[in-house]
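Understanding the architecture of this molecule
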Amino acid sequence: MEVKTQVNARFPRPFGRVVAGVCCAVLLLGTAACTGDTDTPEASPSPSPSASTGTAATLDAKPVPLQVRVTRVSGKLSKSARTSLEHTVGRTIGAYFDDAFLGGSYPRARFTDSFSAFSTGAAKQARKELGFLTNARIGESTEAVLPKQKKAWLSVLAPHKVAAGVTAKIQLVFVADRGDAPDQQVLVTGRLLLTRKSSGGWQIFGYDVSRSVSPAEKGASR
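From a predicted model like this one, the values you see are computed outputs, not experimental measurements. (Residues numbered from 1 in each chain as written. Predicted model: local features only at pLDDT ≥ 70, side-chain atom pairs only at ≥ 80, totals over all residues. Heavy atoms only, no water.)

A word on the environment of Ile93
Position of Ile93 among the secondary structure elements: in helix H2 (residues 79-102). For the pair Ile93 and Ile170, spaced 77 residues apart in sequence, the C-alpha separation works out to 8.6 Å. Those residues in contact with Ile93 that lie beyond four places of it in its chain are Leu66, Ala152, Leu154, Ala168, Ile170 and Leu192. (Helix = DSSP H or I, 4+ residues; strand = E, 2+ residues; numbered from the N terminus. Contact = heavy atoms within 4.5 Å.)

Description of the packing of aromatic side chains
To describe a pair of aromatic rings, one takes the distance between the centres and the angle between the planes. Applying the stated criterion across every chain yields a total of six aromatic pairs. Taken together, a centroid distance of 6.1 Å and an interplanar angle of 45° make the contact between Tyr96 and Phe97 tilted. The exposure class assigned to Tyr96 is buried, which follows from its relative accessible area of 0%. What makes Phe97 buried here is its relative accessible area of 1%. Ring plane angle 45° and centroid distance 5.8 Å describe the contact between Phe101 and Phe174, whose orientation is recorded as tilted. In this pair, Phe101 is assigned in helix H2 and Phe174 in strand E4 (residues 165-177), connecting sequence segments 73 residues apart. You'll find Phe101 and Phe174 in the same group, each marked buried. Among the aromatic side chains, those forming a connected cluster through ring pairs are Tyr96, Phe97, Phe101, Phe115, Phe118, Phe174 and Tyr207. When the ring centre of Phe132 is taken as reference, the NZ or CZ atom of Arg137 above it lies at 4.9 Å. (Phe/Tyr/Trp six-rings, centres within 6.5 Å; stacked < 30°, edge-to-face > 60°. Buried < 20%, exposed > 50% of the residue type's maximum accessible area, 1.4 Å probe, protein only. Lys NZ or Arg CZ within 6 Å of the ring centre and 35° of its normal.)

Comments concerning unusual backbone geometry
With an omega dihedral of 0°, the bond running from Tyr106 to Pro107 counts as a cis peptide bond. By the secondary structure assignment, Pro107 is in the loop between H2 and helix H3 (120-126). For Lys161, which is not a glycine, the phi torsion comes out positive at approximately 65°. Considering the arrangement of structural elements, one finds Lys161 in the loop between strand E3 (144-158) and E4.

Description of the pattern of salt bridges
Between side chains of opposite charge, a pair can form as their charged atoms come close. Applying the stated criterion to the full structure yields one salt bridge. Between Arg110 and Asp113 there is a salt bridge; the shortest N-O distance is 3.7 Å. Taking the relative accessible area as the measure of exposure, Arg110 reaches 55% and is therefore exposed. Note on Asp113: relative accessible area 46%, which makes it partly exposed. (Salt bridge = Lys/Arg side-chain N within 4 Å of Asp/Glu carboxyl O.)

Examining the pairing of strand E5 (residues 184-196)
Sheet analysis places E4 next to E5, joined by eleven bridges and oriented antiparallel. Considered in E5, the bridge of Lys169 is made with Arg191. A loop of six residues connects E4 with E5, the two strands running antiparallel in sequence, and Gly179 in this loop sits at a positive phi of about 70°. Here E5 runs beside strand E6 (residues 202-215); their pairing, made up of 13 bridges, is antiparallel. When the sheet's bridge partners are listed, Leu193 is paired in E6 with Gly206. Counting the residues in the hairpin turn of E5 and E6 gives five residues, including Gly200, whose phi is positive at 105°. (Pairing = 2+ DSSP bridges.)

A short note on the nonpolar core
Of all hydrophobic cores here, the largest spans 44 residues; its most connected members are Leu85, Ile93, Tyr96, Phe118, Leu154, Val156 and Leu192. In terms of residues, this core owes the most to one element, H2, which gives eight residues. In this view, Phe118 contacts Tyr96, Ala123, Ala126, Gln203, Ile204 and Tyr207; residues no more than four positions away in its chain are not counted. (Core = buried A, V, L, I, M, F, W, Y, C linked by side-chain atoms within 4.5 Å.)

Regarding the environment of Phe174
Phe174 sits in the buried class, given a relative accessible area of 0%. Each C-alpha atom, one on Phe174 and one on Val188, is 8.8 Å from the other, the two residues being 14 residues apart in sequence. With sequence-adjacent residues up to four places away left out, Phe174 is seen in contact with Phe101, Leu102, Asn135, Val145, Leu146, Pro147, Lys148, Gln184, Gln185 and Val186.

Below, the structure is given as structure tokens:
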């Protein structure tokens, strides 16, 4: 039986102005977060050359690259700027995937440090929801993880030909080797809201994430 859990978007108060700006992008681009929304964009994103491949000890030596693609822009953004954005935002999203799900040494009990890619306020809130936003629920009973799919589609607000905010629609699929117990396939979907950091790069300041677990196909973790 498939088990589904969901955590709604969180918007820390210190980032109210940024939230407003990115929410405008969400509304303009038609990608407002909806509970239970699991639709998939028509076009599959191409691999980003900068995408993180993860540092986890997995069941398969073959890396699974994070595929990142800018799919919608409100405003104007050059081709080179899109490529650069895919690179930098991909690093942030890849860091979250690794910190929260794919990285570390399994069996793994500690997940409170899974939010290096988050703003201070968002990380504080996220630590209260480890069961939704990380692999904490099954970490101690998991021997290894095998990433299957890592994707992100970016909707960008660029009012002055420069990206001011990003809404990333994410899809992460991995298999958890549970040892003597049946393997499980975990699907993480939803949206991440990102803003620029003063020091450069991007950070996650809001999220709307669904996590579902189902039995893995026989031999999926081999």
